[in-house]
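# Chains, contacts and geometry: an overview
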Amino acid sequence: MIRINNLKKAFGPHQVLKGMDLNIPAGQATGVVGPNGAGKTTLIKTLLGLVKSDSGDIIINNIQLNGNYDYRRQIGYMPQQARYPEQMIVSELLSFIEDLRGDEAVFKEQLIKEFNLEPELHKQLRILSGGNKQKVGATLAMMFNPSILFFDEPTAGLDPRSSFIFKERIQKEKVAGKTMLITSHIMSELEQLVDHVIFILEGEIKYYGRIDDLLKENRQERLEGAIAKMMEEPA
Amino acid sequence: MRVYWQILRNEFQTLFRAKWVLGYGLIFLLLTDTLFRFSGGGTEVWVSVSNIMLLLIPIISLIYGILYIYQSRDYLELLLTQPVNRSTLFWGLYTGISAPLTVAFIIGSALPIGWHGGLASGSASQLFFVLALGSLLTFIFVGLGFVMGLYFYDDKIKGFGFSIVIWLFMAVIYDGLIMVIIFMFGDYSLETSVIFITMLNPMDIARILILMEFDISALMGYSGAVFNRFFGSNLGILVSGGMLVLWLAVPSWVGLRIFNRKDF
């Protein structure tokens, strides 16, 4: 579970998160949507401790964040842009992170197979295509079987086949009861993957609830229409 | 501790694979080798090595420290999303970069001794002194590079610019300023103040320690004698050693502080 109370963050004069409150129960798959620069990535990075909040509380799986780090053992994160040390070989990177954490990567072989990464394992990351780097990122995020998963625009660089495989995998993780946060600009994709949605606009949560309810409220058939309508509404 | 060693090991692997660290070692290897051939392996070799070292190590370490921060942003982010303490990560990276540079310098400088028939008698302590000083300078300037890289995280031009200015200031301008002061206030007895000012520049401290170690302060006339009296005394060695340690501790501490509070 993830609980956020009055979370604020400013970068210089720019207030990115303006007092967010959020309660995501364990096992819920949630989409995070909003225009560019709304604060989606900042929110996820704050939950990870990459960005330090100015004020407010974050509680993840009953652990209050205060500069501690061990809670990250329970989180898998796939960043927006997958870029890794260029000279490193894929298999080395995977085992380096394994050694670093000292955890067993239970799904490593399975994910490598699913994403068809075997032919890439002995290549340097420098020569990997963008899509294959994304797959390495997805493998890193999920191989330790964490209870919480963050995906920041996961399918942005993937070809249709990989994107399909990735979504299949997400469905599996969902069935397995993982708590998930997925940011995306592709609404149809979110409809497939999540039941709940958070709509962020200028650092504030404008909507948080079930997708079904959002569609009903806005009398729309599709998520895209409902979100577009909310974006148009004056703040 | 395990996490620290993992990071350190990975840095060593990455750096030596990048080969240019080998090139860096090779520079010192060629230098020492050439000096051995020309001057026969006495004190002159180590004086000359230390002269080059005083200029080369600070700039290379500084630039590499800052370059590393700029080049590894994604790698840093990856590591920071793992269950890893920020301080552990910082020390792992800092020593993981300083140590391979130090190793390359030490091996490069010392290896030619092997095929030039060993050390001349009495130069073992000189060799040790030069290598220790070079290692210390490596750590000091990698630390400064880290500080600059972390402070100007999003403004590379500024970061590089200020780093080069820092080096230029310490290596060249600082001494020029001291000269100006001596010239302007030549009528007064300045030795004590000059010693004090010198203490604020790690490259100057290193330079003077080398002058003392090789006993060439006599070349500097009266000032040399004053320097010798101070730096040659136990107090002087203690103070200048202490200042170098301070130069090591302060930048790495500042770097750690920035790193711990930074938004990535």
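Residues numbered from 1 in each chain as written. Chains lettered and ligands numbered in written order. Predicted model: local features only at pLDDT ≥ 70, side-chain atom pairs only at ≥ 80, totals over all residues. Heavy atoms only, no water.

## Topic: the overall build of chain B
Scanning chain B for helices and strands turns up 11 helices and zero strands. Beginning at the N terminus, the succession of helices and strands in chain B can be written as α-α-α-α-α-α-α-α-α-α-α. Relative to its full complement of 264 residues, chain B shows a buried share of 52%. For chain B, the exposed area adds up to about 12000 Å²; of that, 71% sits on carbon and sulfur atoms. With 14 positive and 14 negative side-chain charges, chain B shows a spacing of 13 Å between the two charge centroids. (Helix = DSSP H or I, 4+ residues; strand = E, 2+ residues; numbered from the N terminus. Buried < 20%, exposed > 50% of the residue type's maximum accessible area, 1.4 Å probe, protein only. Areas by Shrake-Rupley, 256 points an atom, 1.4 Å probe, with all protein chains shown as cover. Lys, Arg positive; Asp, Glu negative; His and termini not counted. Charge placed at Lys NZ, Arg CZ, Asp CG, Glu CD.)

## Focus: the interface of chain A and chain B
Facing the 29 residues of chain A at the interface are 24 residues of chain B. Buried surface at the junction of chain A and chain B, summed over both partners, amounts to about 2500 Å²; 56% is from carbon and sulfur atoms. Scanning the region where chain A abuts chain B turns up four salt bridges. Between Lys9 of chain A and Asp263 of chain B there is a salt bridge, with its nearest N and O atoms 2.6 Å apart. In this assembly, chain A and chain B are joined by 16 residue pairs in polar contact (both at pLDDT 80 or more). The set of elements that each furnish at least two residues to the side of chain A that touches chain B consists of strand S1 (2-11), helix H1 (40-48) and helix H2 (90-101) of chain A. With seven residues, the single largest contributor to the side of chain A that touches chain B is H2 of chain A. (Contact = heavy atoms within 4.5 Å. Buried area = accessible area lost by both parts, 1.4 Å probe. Salt bridge = Lys/Arg side-chain N within 4 Å of Asp/Glu carboxyl O. Polar contact = N/O pair within 3.5 Å; in protein donor to acceptor, adjacent residues only side chain to side chain.)

## Considering the pattern of salt bridges
Residue and element names in this part refer to chain A. Summed over the entire model, instances satisfying the criterion amount to 22 salt bridges over all chains. The partner of Lys178 in a salt bridge is Glu173, with the nearest N and O atoms 2.6 Å apart. As far as the burial class goes, Lys178 and Glu173 line up, both buried. Through salt bridges with shared partners, one network takes in Glu114, Arg169, Lys172, Glu173 and Lys178.

## Here we look at helix H7 (residues 156-184) of chain B
The largest bend in H7 of chain B is about 50°, located at Phe169 of chain B. Those residues of H7 of chain B hidden inside the fold are in contact with helix H3 (43-71), helix H6 (124-151), helix H8 (191-198), helix H9 (202-213) and helix H11 (234-261) of chain B. (Bend = angle between axes of the 7 residues up to and from the residue.)

## A look at the sheet that holds strand S5 (residues 63-64) of chain A
Adjacent strands of a sheet form backbone hydrogen bonds with each other and so pair up, either parallel or antiparallel. Residues and elements named next belong to chain A. The four strands lie next to each other as S2-S1-S4-S5, forming an open sheet whose pairing is antiparallel. Of all strands in the sheet, those with a lone pairing partner are strand S2 (14-24) and S5, marking the two edges. Relative to strand S4 (residues 55-60), S1 runs antiparallel, the two sharing five bridges. Bridged to Asn5 within S4 is Asp57. Taken strand by strand, H1 contacts S1, S2 and S4, and its axis lies near 115° from that of S1. (Pairing = 2+ DSSP bridges. Axes fitted to C-alpha atoms, helices over the stretch in contact; angles between N-to-C directions.)

## Quick look at unusual backbone geometry
Peptide bonds are trans in most cases, and residues, glycine excluded, mostly fall at negative phi. All names here are of chain A. Unlike most non-glycine residues, Asn62 shows phi in positive territory, near 70°. Relative to the assigned elements, Asn62 resides in the loop between S4 and S5. Overall, the relative accessible area of 67% leaves Asn62 in the exposed class. Although it is not a glycine, Asn116 sits at a positive phi angle of roughly 55°.

## A few points about the pairing of S1 of chain A
One face of the sheet, then the other: side chains in a regular strand alternate in exactly this way. All names here are of chain A. Summarising the sheet, S1 and S2 pair through eight bridges and their orientation is antiparallel. Looking across to S2, one finds that Ala10 is bridged to Gln15. Connecting S1 to the next strand, S2, in antiparallel fashion are two residues, including Gly12 with a positive phi near 60°.

## A closer look at the packing of aromatic side chains
Summed over all chains, the structure comprises 23 aromatic pairs over all chains. Each ring, one from Tyr68 of chain B and one from Phe146 of chain B, has its centre 6.3 Å from the other, and the planes form 5°; the classification is stacked. With Tyr68 of chain B in helix H3 and Phe146 of chain B in helix H6, the pair connects residues that are 78 residues apart, well separated along the chain. With respect to burial, Tyr68 of chain B and Phe146 of chain B carry one shared label: buried. A ring pair is formed by Phe90 of chain B and Tyr94 of chain B, whose centres lie 6.1 Å apart and whose planes are at 25°; its orientation type is stacked. Of this pair, Phe90 of chain B and Tyr94 of chain B are both found in helix H5 (residues 86-115), four residues apart, which corresponds to roughly one turn of the helix. With a relative accessible area of 1%, Phe90 of chain B lands in the buried category. Stacked on the ring of Phe144 of chain A, the Lys or Arg Arg101 of chain A has its end atom at 4.1 Å from the ring centre. A cation sits over an aromatic face here: Arg73 of chain B above Tyr153 of chain B, 4.1 Å from the ring centre. (Phe/Tyr/Trp six-rings, centres within 6.5 Å; stacked < 30°, edge-to-face > 60°. Lys NZ or Arg CZ within 6 Å of the ring centre and 35° of its normal.)

## Let's talk about the side chain of Asn218 of chain A
All names here are of chain A. Looking at the element boundaries, Asn218 is found in helix H7 (residues 211-218). Judged by its relative accessible area of 8%, Asn218 falls in the buried class. Discounting chain neighbours no more than four positions away, the residues touching Asn218 are Ala226, Lys229 and Glu233.

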